[in-house]
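Listed below, chain by chain, are the residues.
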Amino acid sequence: MSLPAKSTSPAVILTGDRPTGPLHLGHYVGSLRNRVTYQHDYKQYIMLADSQALTDNMDDTGKVHRNVVEVALDYLAVGIDPAKSTILIQSQIPELAELTFYYLNLVTVARLERNPTVKAEIVLRGFERDIPAGFLTYPASQAADITAFKAALVPVGEDQIPMIEQTNEIVRRFNRLANQDILVECKALVPEIGRLPGIDGKAKMSKSLGNTINLGASAAEITAAVKKVYTDPLHLRVEDPGHLEGNVAFIYLDAFDPDQAALAEMKAHYVRGGLGDSIVKKRLELVLQEMLAPIRARREELAKDRGYIMQILKDGTAAAREVAARTADEVKAALGLSYF
Ligand code: TRP
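Here is a short report on the structure shown in this document. Not measured: the values here are computed from a predicted model.

Observations regarding the pattern of salt bridges
Summed over all chains, the structure comprises 16 salt bridges. Ionic pairing is found between arginine 299 and glutamate 70, a salt bridge with its closest N-O pair at 2.9 Å. Highlighted residues: arginine 299 in helix α13 (residues 277–303) and glutamate 70 in helix α3 (residues 61–78), separated in sequence by 229 residues. Given a relative accessible area of 12%, arginine 299 falls into the buried group.

Here's the deal with the pairing of strand β1 (residues 12–17)
Of all six residues in β1, five are buried, a share of seventy percent or more. With six bridges joining them, β1 and strand β2 (residues 43–48) adopt parallel strand pairing. Paired with leucine 14 across the strands is tyrosine 45, a residue of β2. A crossover links β1 with its parallel partner β2, the connecting element being helix α1 (residues 25–41), and its sense is right-handed.

Some details on the site of the ligand
Taken together, Leu14, Gly16, Arg18, Met47, Ala49, Gln52, Gln142, Asp145, Ile146, Val154, Val156 and Gln160 make up the full set of residues adjacent to the ligand. In the model, an oxygen atom of the ligand is placed 3.2 Å from a nitrogen or oxygen of the arginine 18 side chain. Glutamine 52 places a side-chain nitrogen or oxygen 2.8 Å from a nitrogen atom of the ligand. Going through the elements one at a time, β1 and α8 (138–148) are the ones with two or more residues in the shell around the ligand. With three residues, α8 is the single largest residue contributor to the shell around the ligand.

Describing helix α9 (residues 161–178)
When the terminal C-alpha atoms of α9 are compared, their 26 Å separation across 18 residues agrees well with the 26 Å that a helix rising 1.5 Å per residue should span. Buried within α9 are the following residues: Pro162, Met163, Ile164, Gln166, Thr167, Asn168, Ile170, Val171, Phe174, Asn175 and Ala178. After α9 finishes, the residue asparagine 179 shows a positive phi value of roughly 65°.

Rules of the game
- Residues numbered from 1 in each chain as written.
- Predicted model: local features only at pLDDT ≥ 70, side-chain atom pairs only at ≥ 80, totals over all residues.
- Heavy atoms only, no water.
- Salt bridge = Lys/Arg side-chain N within 4 Å of Asp/Glu carboxyl O.
- Helix = DSSP H or I, 4+ residues; strand = E, 2+ residues; numbered from the N terminus.
- Buried < 20%, exposed > 50% of the residue type's maximum accessible area, 1.4 Å probe, protein only.
- Pairing = 2+ DSSP bridges.
- Right-handed = clockwise from strand over helix to strand, strands pointing away.
- Near = heavy atom within 4 Å.
- Polar contact = N/O pair within 3.5 Å; in protein donor to acceptor, adjacent residues only side chain to side chain.
- Expected span 1.5 Å × (residues − 1).

Following this line, the structure appears as structure tokens:
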């Protein structure tokens, strides 16, 4: 019996992060652990979006530079395998900037101003009328990142869906102009548990809110963070019935406790009354310490060999550049910009 012909090559994933700080448990739940799974079934590119990070960090380029390595360490420590995933540095692939330059003619300023994520971020950063042009136009740069690799799937948080919509508008407009399907439309892959609240109970764990637990946190930092974890402000005495909604200790246990059966019992007891926060937090501390200890150990080990990390980034970037350069050639040719 002859084997069936090898089926089509795996779908391409493009995902990435702005390297502006070390990654935390929110990133782990929202993207990192999924990427570790995806890498077995897809051709996955993971981009360190350092150029995009500059769109609102021109006053602190050193921070971006430092965090490229920090974020790469986080990736490798959680199990992203450079033999399976291609990790690349955005700024080292000039074809991404080149594509951005052409795509900017396929979007209007009005459309960029209407992008809900850009709009929200402008308010958040207090730009008011002084919006860096690079910031306003970063959706076009994100379209370049995605289309350069002909990615069909883009794992992102909910807040990034407008970027995917805008990318697809650019793709359709370009393909119509070129009269052929050169660029590929993509789909957002939004995780089910996409968002982890901060230790303070705020809706999102985020560096700027100072409510994170970093993947590289020391044992003492984890202990201190668990002490601060927001629970149920109405649960004043142990015998009082406790509430689970908005209770960050239980939300984290839902996400990370490997013994979900015991957790269900603990929740029932808490709701009934008679279970103190200190017991819940003791469990949370144990779960987080056990989960983060091996990640921290791997991270510390890897951090000793910076040369090895840089080689991974160099190789990944070189491989990615070949792909992006092919797309840029096709795009330019379709625009009549090929001469020799
Ligand atoms: N904008 C993304 C973020 O803030 C980072 C990013 C840049 C990205 N280019 C991308 C994500 C392309 C997915 C695909 O997290």
